[in-house]
Amino acid sequence: MKRQVEVFTANCPVCDPVVKKIKELACDTCEVTTYDLVRQCEDKTCLDKLDEYGIKKVPAVVVNGELLECCKDSAITEMELVEAGIGQS
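So, here's what we can say about the structure. Not measured: the values here are computed from a predicted model.

1. Brief notes about the pairing of strand β3 (residues 60-63)
Sheet topology places strand β1 (residues 3-9) next to β3; four bridges connect them, and they run antiparallel. Bridge pairing in β3 links V5 to V63. Two successive antiparallel strands, β3 and strand β4 (residues 66-67), enclose a turn made up of two residues, where N64 displays a positive phi of approximately 50 degrees.

2. Details of the sheet that holds β4
Spatial strand order, β2-β1-β3-β4: four strands in an open sheet with mixed pairing. The open sheet has two edge strands, β2 (30-36) and β4, and neither has a second partner. The sheet strands contacting helix α1 (residues 15-25) are β1, β2 and β3, and the helix crosses β1 at an angle near 165 degrees.

3. Considering the environment of F8
By the secondary structure assignment, F8 is in strand β1. Sequence-distant contacts of F8, defined by excluding residues within four places in its chain, comprise Y35, L37, C46, K49, L50, Y53, I55, V58, P59, A60 and V62.

Reading guide: rules and limits
Residues numbered from 1 in each chain as written. Predicted model: local features only at pLDDT ≥ 70, side-chain atom pairs only at ≥ 80, totals over all residues. Heavy atoms only, no water. Pairing = 2+ DSSP bridges. Helix = DSSP H or I, 4+ residues; strand = E, 2+ residues; numbered from the N terminus. Contact = heavy atoms within 4.5 Å. Axes fitted to C-alpha atoms, helices over the stretch in contact; angles between N-to-C directions.

Right, here's the structure in full:
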């Protein structure tokens, strides 16, 4: 059975080592697809997948349609920013 691995990246110094490591670890049964969100994909399906998988940060890794636990941290919220004092004199 093939293992579908999808990597969402911003093609940055934080993302690039993750992409490299996944490619190093991939075996014959792994099909790795990398989505560079800066360039986006031709048909924009990569943007739809962000919503589908609930991706809030990059790099993010999805295996067989499941976002890995390490990639599930929530996005930055307005409440957290305000609580940190941003926007307050």
